[in-house]
Amino acid sequence: MTQETSKIKVGISIGDLNGIGCEIILKTFQDSRMLSFCTPVIFANTKVVSYYKKILKIPINFQGIPSADKAIDDKVNVVNLWKENIKITPGAEDKVIGEYAFKSLQAATNALKENQVDVLVTAPINKHVIQSEEFNFPGHTDYLAQELGGESLMFMVSENLKIGLLTDHVPVKNVPEKITRKLIEQKVNTIAESLKKDFCVSVPKIAVLGINPHNGDNGVIGDEDQKVLMPTINQLNKKGQYIFGPYAADSFFGSKNYQNFDAVIAAYHDQGLVPFKTLAFGNGVNFTAGLSKVRTSPDHGTAYEIAGKGEANHNSFEEAVFTAIKIYKNRNEYQQLTKNPLKRQGKKL
């Protein structure tokens, strides 16, 4: 933690101000018990937070601060990033609002890099309106990979299901050409390391889903599974890993076969997220594995259709906060346990 006596500081980017981001943040921290787990640091502006507090009638107190390093324990802290008034229109796409979403994300990421906060939880953005010269990415994951370093991977996690993606925000027509042996090895290794460091799984068992229907039916419906996936899985197993598959994706989840593994790797976005959101929606978390820092987010988007109506469910955002805290603690414990194993073993003897 930033200070030994302090609680874990959770940096929070506000997301799209016309979406449900501010609502789910306020609903999460209106429960004062949350402050016993962490110190929230919201990167936005107190006027914006006051606006949503008022129209949604959310009973919450918060403290305006000039920077993240001034955060106060047992308070909901709001870093004032700008002074000007902003026109908020819940449910509307707005390029100006996209600029403020990026300001929040950039400031929160910088605070994370400078250890002013310990973890980052991001509220949903609109990937279209946030685009600019500074933010030219398909989403949070790619931006954070650039800023924080490491081999990033979109890892959708819940208590009973964890799904990683070989490709994430990639057009379906480009998926096969993106999946190479090098990419598969990289993603498998990232998931295996994350399971060990972040989720305390000592010997990970990972299932891989096929790229084509029925794994290509021996080349009748595409040959990527036979030529790329299978040889790579065999090679990884020879190196001592426990990687299984490829499995036909259409029956894998309905048969509950996923319950036999610590994680599943899907070939592309919808192959993994459709079953995940069906089985874990509202309780799932989007975790960016493989980074030097911990980042999570809820498993949904801006939900413009219900923005400003007080109807948003905050469960997934709350889970994202708890998951970030848990991973942070697990990662620190793993580092301590593996710091000098011979020395620790000698002490036990």
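Check the entry above for the structure.
From a predicted model like this one, the values you see are computed outputs, not experimental measurements.

A. Quick look at unusual backbone geometry. Here the amide bond leading from Gly245 into Pro246 is cis, since omega sits at 0 degrees, within 30 degrees of zero. Positioned with a positive phi, Cys200 is a non-glycine residue whose angle comes to about 60 degrees. Exposure remark for Cys200: the relative accessible area of 52% places this residue in the exposed category. Phi at Ala303 is positive, roughly 50 degrees, even though this residue is not glycine. Counting through the fold element by element, Ala303 comes out in the loop between strand 12 (294–298) and helix 10 (315–338). Residue Ala303 is classed as buried on the basis of its relative accessible area, which comes to 19%.

B. View of the pairing of strand 9 (residues 242–247). Bridge count for strand 8 (residues 205–209) against strand 9 is four bridges, and the pairing is parallel. Across the sheet, Leu209 pairs through a bridge with Tyr247, a residue of strand 9. Taken together, strand 8, helix 7 (residues 224–238) and strand 9 constitute a β-α-β crossover, and its handedness is right-handed.

C. How the structure looks around the environment of Leu144. Here Leu144 shows up in helix 4 (residues 140–148). What makes Leu144 buried here is its relative accessible area of 0%. If we skip the residues at most four places from it in the chain, Leu144 touches Thr109, Leu120, Gly149, Leu291 and Arg295.

D. A look at a nonpolar patch on the surface. On the surface, Val203, Tyr242 and Phe244 cluster together into a nonpolar patch covering about 270 Å² of accessible area. Its location among the elements puts Phe244 in strand 9. Assessed through its relative accessible area of 30%, Phe244 is described here as partly exposed.

E. Geometry of the packing of helix 6 (residues 181–199) against helix 7. Running from N to C, helix 6 and helix 7 point in directions that differ by 45 degrees, and their axes come no closer than 9 Å. By the angle between their axes, helix 6 is oblique relative to helix 7. Where helix 6 crosses over helix 7, the two elements pack in a sense that is right-handed. Contact residues: helix 6 offers Arg181, Ile184, Glu185, Val188 and Asn189, while helix 7 offers Lys227, Val228, Leu229, Pro231, Thr232 and Leu236. Broken down by class, the residue content of the contact of helix 6 with helix 7 amounts to six nonpolar, two polar and three charged.

F. The arrangement of the sheet that holds strand 3 (residues 63–65) in detail. An order of 3-4-2-1-5-12-11-6-7-10-8-9 is seen for the 12 strands of this open sheet, with the pairing classed as mixed. The sheet is open, and its two borders are formed by strand 3 and strand 9, each paired with just one other strand. The sheet shows a mean angle of 25 degrees between the axes of neighbouring strands, taken without regard to direction.

G. Spotlight on the environment of Met156. For Met156, the position within the fold is in strand 6 (residues 150–157). Residues Met156 and Lys256 lie 100 residues apart in sequence; the distance between their C-alpha atoms is 17 Å. Residues within four places of Met156 in sequence aside, it is in contact with Leu161, Lys162, Ile163, Leu273, Phe276, Val285, Asn286 and Asp299.

H. Representation of the side chain of Asn212. As for its placement among the helices and strands, Asn212 is situated in the loop between strand 8 and helix 7. Side-chain polar atoms of Asn212 contact the side chain of Asp225, separated by 3.0 Å. Excluding residues that lie within four positions of it along the chain, Asn212 makes contacts with Ile221, Gly222, Asp223, Glu224 and Asp225.

I. Representation of the packing of helix 1 (residues 21–29) against helix 10 in the model. Orientation of helix 1 relative to helix 10, taken along the N-to-C sense of each, is 65 degrees, at an axis distance of 9 Å. Where helix 1 crosses over helix 10, the handedness of that crossing is right-handed. Facing Ile24, Ile25, Thr28 and Phe29 of helix 1, the residues of helix 10 in contact are Phe317, Glu318 and Val321. Here the residues of the contact of helix 1 with helix 10 sort into five nonpolar, one polar and one charged.

J. Structural detail: helix 4. For helix 4, the set of buried residues is His140, Thr141, Tyr143, Leu144, Ala145 and Leu148. Looking at the buried side of helix 4, the elements it contacts are helix 3 (95–113), strand 5 (119–122), strand 6, strand 11 (285–291) and strand 12. The first or second residue beyond helix 4 is Gly149, which carries a positive phi of 80 degrees.

K. How the structure looks around the pairing of strand 11. Counting buried residues in strand 11 gives six out of seven residues, a clear majority hidden from the surface. Where strand 6 and strand 11 come together, six bridges link them in antiparallel fashion. Bridge pairing in strand 11 places Phe155 opposite Phe287. Examined bridge by bridge, strand 11 and strand 12 share three bridges and lie antiparallel to one another. When the bridges of strand 12 are listed, Asn286 appears paired with Ser297. Here strand 11 folds back onto strand 12 in antiparallel fashion, the turn holding two residues.

Parameters at a glance
Residues numbered from 1 in each chain as written. Predicted model: local features only at pLDDT ≥ 70, side-chain atom pairs only at ≥ 80, totals over all residues. Heavy atoms only, no water. Buried < 20%, exposed > 50% of the residue type's maximum accessible area, 1.4 Å probe, protein only. Helix = DSSP H or I, 4+ residues; strand = E, 2+ residues; numbered from the N terminus. Pairing = 2+ DSSP bridges. Right-handed = clockwise from strand over helix to strand, strands pointing away. Contact = heavy atoms within 4.5 Å. Patch = residues over 30% accessible without salt bridge, like charges linked within 9 Å, V, L, I, M, F, W, Y side chains within 5 Å. Areas by Shrake-Rupley, 256 points an atom, 1.4 Å probe, with all protein chains shown as cover. Salt bridge = Lys/Arg side-chain N within 4 Å of Asp/Glu carboxyl O. Axes fitted to C-alpha atoms, helices over the stretch in contact; angles between N-to-C directions. Parallel < 35°, antiparallel > 145°, perpendicular 65-115°, else oblique. Left-handed = near helix turned anticlockwise from the far one by under 90°. Nonpolar A, V, L, I, M, F, W, Y, C, P; charged D, E, K, R; others polar. Polar contact = N/O pair within 3.5 Å; in protein donor to acceptor, adjacent residues only side chain to side chain.

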